[in-house]
Amino acid sequence: MRDLLVIGGGVTGAGVLRDAALRGLSALLLEPGKPGGATTASSTHLIHGGIRYLLYDRLTTHATAWDAGNIVKTAAPLLKRLPIVWPVYRGASHPLSTVETLVTCYEPFQRMKEGLPHLRLSAAAVTELLPAIKTEGLVGGVSFDEWWVDAEGLAEANLKAAEALGAEVRLGWRAVGLVQEGGRVVGVQAVGPEGRREELRAKVVVNAAGPWVDEVVRHAGLNIPLRLRKGTHLVYDKPLVPVGLLLEAVDRGRYVFVVPFAGGTLVGPTDLDSPGGPDDVRTTPEEIEYLRASVRRYFKDFPLEYSRTIVGARPILGQSGSEKLLSREYEIFDHGRQGAEGLVTAGGGKMSDFRLMAKDTVDLACEKLGKPADCRTHSVTLAGAPAAPRPEFPRPSRSLKLFLRRHPRLRELHALSYLGAALVRRLAAGGEPPSDAAAFRKHYGL
Ligand SMILES: Cc1cc2nc3c(=O)[nH]c(=O)nc-3n(C[C@H](O)[C@H](O)[C@H](O)COP(=O)(O)OP(=O)(O)OC[C@H]3O[C@@H](n4cnc5c(N)ncnc54)[C@H](O)[C@@H]3O)c2cc1C
């Protein structure tokens, strides 16, 4: 019998398959659609630390930035550095001093993923870089950088690398039931092309179905509460901006990205409750209007005609508290504790820490299989070459993370105290002189 069967070929499942194959496990993955074609494809396509989590969930920024550094080292051909300008206007929800404090606090996490130090930009620099931007009330801006990633390509490359190591990938196959014997999950019932049905057995079944993880465990009478949040982007099949942008949205409660990529531009995402299941997620006319109006606050002639929309449901783990404080951390569920030994779910998380999520999943699978083997996905590139070494960075404390998971208000205070201390330090030191557009271009190698 094979060691592992993975349900779902998004970035998480693909990462699990490659990790397992690198450790010498025999593994099979089922994916009904295109690799990475679901949530992974509907993302903003950023490998990032999540600067905004610094406002309420610093350990998620830490974990994602830490693992993003491993992705930068091992998947470099799929990534491109994306400089982002955050313009600030008089009367904005966050004044320039707060915005600069935030990017300053982000710096230690930037180093983990080969990000560059931020720049403070004069209003003249912002208008020179973005000649069509509204100038009235413009105070200046800051810059920071993230990594744009070919998200579907990342899932595909992980699957290809796993196949090269002997793993099997079945596209067009869906798990429609779990095979259970004596309190153990020993495989899945699967349906493939033309309705072919097969029972596929494995010693450990990994549920990596993203926003569908709850649907999968229901076959074992279990439940994984999720708080799905819908996100839509507008996709333009033409380049519209020379750099990335972070803009305060029209409702002033949120921010939207404008992300240039080869041959196109993404605008989004929205962030809305998604009370139905992941199959009910649809873009509404209100979301389209919201995104258009948010960009047109700054660029009055930004095209209204877009090429298409992409929409997905963030697979956020169930938790109490306001939607603004939702943690994006992941959890690996060992369903053996609930009477379904052999079933493991990788739930929650971000694309930016998919590798770490896959590592923790396969660590648990190895323990169950009694086949100890070290993870190698950080030290071998997707092309199979040794990865360049990376400096040691501290990992987030697991015990603190578990404690703060249960106390969202304390998690927010933990983040805010760090920001508050940085603000005081920054004010005491005095502001940096702003940079001009030439300095910006030199800094980011444009
Ligand atoms: C709007 C939006 C923006 C985002 N932006 C970012 C970002 O910029 N950076 C970032 O790091 N993260 C981002 N995220 C989060 C990130 O996209 C997800 O965390 C990540 O893509 C989840 O990957 P996954 O493989 O777990 O899920 P998915 O990509 O959804 O993959 C799950 C797969 O499981 C398959 N599946 C479902 N049921 C079954 C079954 N029964 N049998 C077999 N297969 C099944 C599905 O077909 C699917 O392909 C964003 C999310 C959204 C929605």
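Residues numbered from 1 in each chain as written. Predicted model: local features only at pLDDT ≥ 70, side-chain atom pairs only at ≥ 80, totals over all residues. Heavy atoms only, no water.

On to the pairing of strand β1 (residues 2-7). Within β1, five of the six residues are buried, leaving the element largely enclosed by the surrounding structure. Here β1 runs beside strand β10 (residues 197-207); their pairing, made up of five bridges, is parallel. Note on β10: the bridge partner recorded for Ile7 is Asn207. Relative to strand β2 (residues 27-31), β1 runs parallel, the two being bridged by four bridges. Counterpart to Ile7 in the pairing with β2 is Leu30. Tracing the backbone out of β1, into helix α1 (residues 11-22) and back to the parallel element β2 gives a crossover that is right-handed. (Buried < 20%, exposed > 50% of the residue type's maximum accessible area, 1.4 Å probe, protein only. Helix = DSSP H or I, 4+ residues; strand = E, 2+ residues; numbered from the N terminus. Pairing = 2+ DSSP bridges. Right-handed = clockwise from strand over helix to strand, strands pointing away.)

Further remarks concern the site of the ligand. Taken together, the neighbourhood of the ligand is formed by 35 residues, with Glu31, Thr39, Thr40, Leu46 and Ser352 sitting nearest. The backbone of Val11 places a nitrogen or oxygen atom 3.1 Å from an oxygen atom of the ligand. A distance of 3.0 Å is found between a nitrogen atom of the ligand and a backbone nitrogen or oxygen belonging to Thr44. Considered on its own, the ligand offers 1000 Å² of accessible surface; in the complex 95% of this is hidden by protein. Residue assignment for the shell around the ligand shows that the elements contributing at least two residues are α1, β2, β8 (174-181), β11 (229-236) and β16 (308-314). Looking at the shell around the ligand, its residues break down into 14 nonpolar, 17 polar and four charged. (Near = heavy atom within 4 Å. Polar contact = N/O pair within 3.5 Å; in protein donor to acceptor, adjacent residues only side chain to side chain. Areas by Shrake-Rupley, 256 points an atom, 1.4 Å probe, with all protein chains shown as cover. Nonpolar A, V, L, I, M, F, W, Y, C, P; charged D, E, K, R; others polar.)

This brings us to the packing of helix α3 (residues 96-112) against helix α10 (residues 408-429). Running from amino to carboxyl end, α3 crosses α10 at an angle of 110°, the nearest separation of the two axes being 9 Å. Between α3 and α10, the angle is such that the two are roughly perpendicular. Both α3 and α10 take part in a crossing whose hand is right-handed. Taking contact as the criterion, the partners of Ser97, Glu100, Thr101, Leu102, Thr104, Cys105, Pro108 and Phe109 in α3 are, on α10, Tyr418, Leu419, Ala422, Leu423 and Arg426. For the contact of α3 with α10, the class distribution of residues is eight nonpolar, three polar and two charged. (Axes fitted to C-alpha atoms, helices over the stretch in contact; angles between N-to-C directions. Parallel < 35°, antiparallel > 145°, perpendicular 65-115°, else oblique. Left-handed = near helix turned anticlockwise from the far one by under 90°. Contact = heavy atoms within 4.5 Å.)

Once that is clear, we can look at the environment of Arg328. Along the chain, the position of Arg328 falls in the loop between β16 and β17 (330-334). Separated by 278 residues in sequence, Arg328 and Gly50 place their C-alpha atoms 9.6 Å apart. In contact with Arg328, not counting residues within four places along its chain, are Arg52, Tyr53, Asp57, Thr60, Asp271, Arg314, Ile316, Gly349 and Lys350. Side chain to side chain, Arg328 and Tyr53 meet in a polar contact 3.5 Å long.

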